[in-house]
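# Breakdown of the fold
Listed below, chain by chain, are the residues.
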Amino acid sequence: MSGGGVAKRESWRQWLATDVPRSRGQAKAVQLYLGWLAFRSNTLAVIGLAILVLLVLLWIFGPLIATQDPFAQALAKRLLPPGAEGHLMGTDELGRDIYSRVVHGAGIALYIVTLVAITAPALGLIVGTLAGYLGGWVDVTLMRLTDIFLAFPKLVLALAFVAALGAGLENAILALILTAWPPYARIARAETLTIRKSEFIDAVRIQGIGSVRIIVGHIWPLCISSIIIRVTLDMAGIILTAAGLGFLGLGAQPPTPEWGAMISSGRKFVLDQWWVATMPGLAIFTVSLGFNLLGDGLRDVLDPKSGGGS
Amino acid sequence: MSQVANNESVERRGGRALPLNDTLRRIGQITFSVALTMVGLLAITFVIGRVMPVDPVLAVVGERASNEVYEAARKAMGLDRPLIVQFGLYLRDVFSGDLGVSTLTARPVSADIARVFPATLELATIATLIGTLLGIPAGVLAAVYKGRLIDQVIRVIGLFGYSMPIFWLGLMGLLVFYGILGWVAGPGRIDVYYDGIVPTTTGFILIDSLIAGETEIFYNAFSHIILPASILGYYSLAYISRMTRSFMLEQLGQEYITTARVKGLSEMTVIWRHAVRNVMVPLITVVALSYANLLEGSVLTEVIFSWPGIGSYITTALLSADMAAVLGGTIVVGAVFVGINLLSDVLYKVVDPRAR
């Protein structure tokens with residue numbers, strides 16, 4: 001019984017590591033497996049991945065892991081130090097359990113990053129491929145627009161957007177998207193320019209297939225991998241900027257336990273009750289370190305040109 | 001957060017070596033693109049100013065004004081004209097230095113900014129100095145000892161810099177170095193009782209106090225600036241050391257390095273006299289970019305340290321819906337950003353003989 005199991009696993013290994021794949025699916029699986037092996041040998045990247053898996057687990061099982069209701073106030077127990085009366089990270093100025101709030105904040109951070117990391121690259125992909133494929137005045141106009149957005153400091157532009165739209169989590173996300181798309185448009189355009197003159201695109205065009213289908217069906221899939229690399233490298237930045245907006249009171253509004261906003265409320269007592277501001281900051285630091293480590297590792301695996309960081 | 005974009009633009013610039021006769025046309029192109037970028041920025045701030053939910057006319061006349069008064073004010077503000085005409089008028093105002101009047105301070109925004117901007121510039125300059133003086137040697141060391149312990153340590157230090165929220169690091173710095181150790185002065189630019197003693201010449205307190213011969217004030221200002229500048233400088237250190245390392249690795253693989261070694265030059269001479277000198281040219285762009293980024297990074301740092309610069313100005317204005325001040329600040333920061341980028345482009349061409 002167990003011997004059969006081992007044999008089966010060995011054959012799976014062989015199937016995954018074969019030099020002569022027998023089907024398209026197998027070739028894809030082999031490629032993924034080899035990529036995973038390369039990724040696994042990068043200790044720092046694996047640590048990064050572990051941090052992010054933890055973040056997702058916190059988000060899914062948050063209500064079970066949190067020891068208390070993150071919104072429950074207990075003014076009699078305000079500003080307790082870490083460890084006191086079962087509060088792992090202490091309590092804040094309204095007596096809320098900081099540990100539970102940090103756990104709850106994981107979901108909000110994930111929500112922001114996911115939304116921005118899907119929408120902004122998609123926007124950039126559309127703009128970049130349109131500009132690259134159509135060329136001419138479309139290219140000039142779109143790229144000029146991209147350059148203008150790129151030329152200005154992101155945070156300040158995001159501040160101006162939020163000022164116009166009004167403070168709030170959704171508007172902060174919108175401002176992040178509006179300032180994050182230009183680099184992706186540049187990447188997508190560069191990729192498109194190298195693909196567009198290739199023979200397989202000519203072949204498709206001769207078959208009478210329209211521009212939109214060529215862009216969506218044949219150019220987008222080839223742009224995706226370089227965009228994904230860039231997105232993972234950018235995610236830490238998104239977390240930090242979102243926290244910065246929250247800190248300035250322009251992102252999630254109280255009593256939402258957004259990490260940046262929590263630091264902002266802890267700022268007043270930092271010299272006497274250090275834990276109120278420190279704990280959510282450690283959470284932001286850990287998560288963005290995770291994204292940075294993962295991004296570095298993924299770049300080494302997916303992009304052989306970069307040569308790797310170490 | 002925009003480090004990768006910066007890498008790309010550095011590479012873009014690095015690859016450009018133009019023959020002499022193209023230089024003039026190139027300058028023309030740059031001027032045109034800078035002008036277009038500025039108009040583009042103004043278009044963005046114009047649109048932002050129009051979509052905001054606060055009615056600018058109501059803000060002026062008040063809610064109880066009659067319809068006639070309201071219409072008259074609307075006309076006087078030019079809001080009844082077509083958008084494109086309004087935009088033209090807006091451009092004219094901005095280019096003649098009129099950024100509107102702040103509702104918070106009741107002074108022209110341009111005067112306000114002229115008052116607060118030197119504080120930001122002073123902070124960003126000291127921070128860039130710290131980041132450059134530590135970052136370049138760190139990057140060189142990391143490249144020379146590639147893969148060894150010191151390289152790993154420098155990489156981790158840089159990685160931490162990329163991963164920490166700057167406002168949190170600022171708070172922690174205040175907690176440790178001001179609250180617990182008492183090594184530095186607290187928030188603000190200078191102690192209150194020294195305020196306004198030194199006459200403003202350059203706007204930089206460190207320089208002004210030296211000119212006035214007030215060493216006590218100089219030390220006080222220094223103990224105020226050193227913590228925020230070090231924290232900002234840490235971020236530029238992370239970026240500068242990473243870039244220096246990759247430039248150095250590129251140089252150390254070149255044949256002239258082998259030649260120098262074969263000639264019997266000491267390793268110190270090979271590295272510092274030969275390789276580093278070649279790295280200095282692309283590093284100019286890197287330092288300029290990190291300087292521009294610090295102007296942005298200083299927004300959050302200024303809030304933490306109650307530093308009376310443009311970052312504090314913009315955020316205070318934001319929270320009281322003072323749109324003229326917010327947009328004026330955005331324009332100035334954007335313009336300085338573009339200006340520094342342009343300057344680094346020009347400097348690069350002056351310094352690198354191949355790019356002339």
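Refer to the structure printed above.
The rules behind the values
- Residues numbered from 1 in each chain as written.
- Chains lettered and ligands numbered in written order.
- Predicted model: local features only at pLDDT ≥ 70, side-chain atom pairs only at ≥ 80, totals over all residues.
- Helix = DSSP H or I, 4+ residues; strand = E, 2+ residues; numbered from the N terminus.
- Buried ≥ 20, exposed ≤ 12 C-beta atoms within 10 Å, placed from the backbone.
- Contact = placed C-beta atoms within 7 Å.
- Nonpolar A, V, L, I, M, F, W, Y, C, P; charged D, E, K, R; others polar.
- Core = buried A, V, L, I, M, F, W, Y, C linked by C-beta atoms within 7 Å.
- Expected span 1.5 Å × (residues − 1).
- Bend = angle between axes of the 7 residues up to and from the residue.

Residue P255(A) is bonded to the preceding P254(A) through a cis peptide linkage, with omega at 10°. In this structure, P255(A) sits in the loop between α10 (211-247) and α11 (259-266). At A106(B), a residue that is not glycine, the phi angle is positive and equals roughly 60°. Position of A106(B) relative to the elements: it lies in the loop between α5 (83-95) and α6 (109-144). Here A106(B) falls in the exposed class, since 7 other C-beta atoms lie within 10 Å of it. Non-glycine residue S306(B) carries a positive phi angle of around 45°. When the 12 C-beta atoms within 10 Å are taken as the criterion, S306(B) is described as exposed.

Our next topic: the interface of chain A and chain B. Taken residue by residue, the interface counts 45 residues in chain A and 44 residues in chain B. Those elements that place two or more of their residues in the side of chain A that touches chain B are α5 (136-150), α6 (154-165), α10 and α12 (275-302) of chain A. Across the side of chain A that touches chain B, the residue classes tally to 29 nonpolar, eleven polar and five charged.

The subject of this paragraph is the nonpolar core. Among the nonpolar cores identified, the biggest contains 173 residues, and V116(A), A160(A), L176(A) and I239(A) are the most heavily contacted of them. Leave out the neighbours within four places in its chain, and I239(A) touches A109(A), V113(A), I284(A), V287(A), S288(A) and F291(A).

Time to look at helix α3 (residues 43-65) of chain A. All names here are of chain A. Compared with an ideal rise of 1.5 Å per residue, which puts 23 residues at 33 Å, α3 spans 27 Å between its outermost C-alpha atoms and falls more than 12% short. Where α3 bends most, the angle comes to about 55°, and this point is W59, followed within four residues by the proline P63. Those residues of α3 not exposed but buried are A45, G48, L55 and L58.

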